[in-house]
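# Examination of the molecular architecture
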Amino acid sequence: AEAGTGAATEASTTGAAGEGLFNRASLTVDGETTIDDVCEDIAGDLMIEKSDGDIELSIGDGPFEYQLKVTNVGGASTGSPVIVTDVLPVEFRWVDFPDAAGDLPFCTQADQVLTCEIDSTLVDAGGETTAFVVSAEARDGIAESIDGYENLSYVDSPGDPAPSSPSCGPRA
């Protein structure tokens, strides 16, 4: 390093959703100091996967099952329930899903939309995963589709807030 040049950094992390990682870097060159503060939210980062085991269906086949798997690949818990939404095409209907008292997740249905709530502790930080199976079937009179049918699933959590303050929460 050149004479009169120095650098110092400080960092502090918290593991609670809504707080974050704070990093301050300062560089002094010839008596002039530049400070750069970086603030990143530490929160859940949810990923959803859907697997049907590579089943092949034909018109008239009975119900089929598939698995929904939610993983938190983030650095912290979401801190609030995780919501999985699965939307069937109108040509299909729901047959079975976890909807009994005490089921985790617990799912409700409104027409084509299935909404399932997962307790955040079941998909905690660092790769925690929870999976569940649902089943559906084609409605009578369904036509074959050259392009197939699109079944959408997504995952969300209201517990993925922005940092509670510009300093990202407590610092050491």
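Since the model is a prediction, treat every value here as computed from it, not as a measurement.

## What about the overall build of the protein?
Within the protein one finds 0 helices and 11 strands. The linear arrangement of helices and strands in the protein, starting from the amino end, is β-β-β-β-β-β-β-β-β-β-β. Counting every position in the protein, which comprises 172 residues, the buried fraction comes to 28%. In the protein, 66% of the contacts between residues at least 6 apart in sequence involve partners at least 24 apart.

## Examining the pairing of strand S6 (residues 82–87)
Two elements, S6 and strand S9 (residues 113–118), share 6 bridges in a ladder whose sense is antiparallel. Residue pairing across strands places Val84 opposite Cys116, the latter belonging to S9. The sheet contact formed by S6 and strand S11 (residues 152–156) spans 5 bridges and is antiparallel. Paired with Val84 across the bridge in S11 is Val155.

## Overview of the environment of Gly44
Following the sequence through the fold, Gly44 ends up in the loop between strand S3 (32–41) and strand S4 (46–51). The class of Gly44 is buried, set by a relative accessible area of 8%. Along the primary structure Gly44 and Asn72 are separated by 28 residues, whereas in three dimensions their C-alpha atoms are 6.0 Å apart.

## Thoughts on the sheet that holds strand S7 (residues 92–96)
In space, the 4 strands of this open sheet follow the order S4-S5-S10-S7, with antiparallel pairing throughout. Two strands lie at the open edges of the sheet, namely S4 and S7, each paired on one side alone. Strand-to-strand, the axes of this sheet are offset by a mean angle of 35°, without reference to chain direction. The pairing of S7 with strand S10 (residues 128–138) spans 4 bridges and is classified as antiparallel. What sits directly across from Trp94, in S10, is Ala136.

## Focus: the sheet that holds S9
Taking strand neighbours across the sheet as the criterion, the 4 strands line up as S8-S9-S6-S11 in an open arrangement whose pairing is antiparallel. Only two strands of the sheet have a single partner each, and these edge strands are strand S8 (106–110) and S11. When strand polarity is set aside, the average angle formed by the axes of neighbouring strands in this sheet is 15°. Where S8 lies against S9, 5 bridges are found, and the strand directions are antiparallel. By the bridge assignment for S9, Cys107 is matched with Cys116.

## As for the state of the cysteines
By the definition in use, this model includes 1 disulfide. Each sulfur of the disulfide joining Cys107 and Cys116 lies 2.1 Å from the other. Residues Cys107 and Cys116 share a disulfide whose torsion about the S-S bond is about 110°; that sign makes it right-handed. Look at Cys107 and you get buried, because its relative accessible area is 1%. Overall, the relative accessible area of 1% leaves Cys116 in the buried class.

Basis of the calculations
Residues numbered from 1 in each chain as written. Predicted model: local features only at pLDDT ≥ 70, side-chain atom pairs only at ≥ 80, totals over all residues. Heavy atoms only, no water. Helix = DSSP H or I, 4+ residues; strand = E, 2+ residues; numbered from the N terminus. Buried < 20%, exposed > 50% of the residue type's maximum accessible area, 1.4 Å probe, protein only. Contact = heavy atoms within 4.5 Å. Pairing = 2+ DSSP bridges. Axes fitted to C-alpha atoms, helices over the stretch in contact; angles between N-to-C directions. Disulfide = S-S within 2.5 Å.

None of this, on its own, says anything about what the molecule does.
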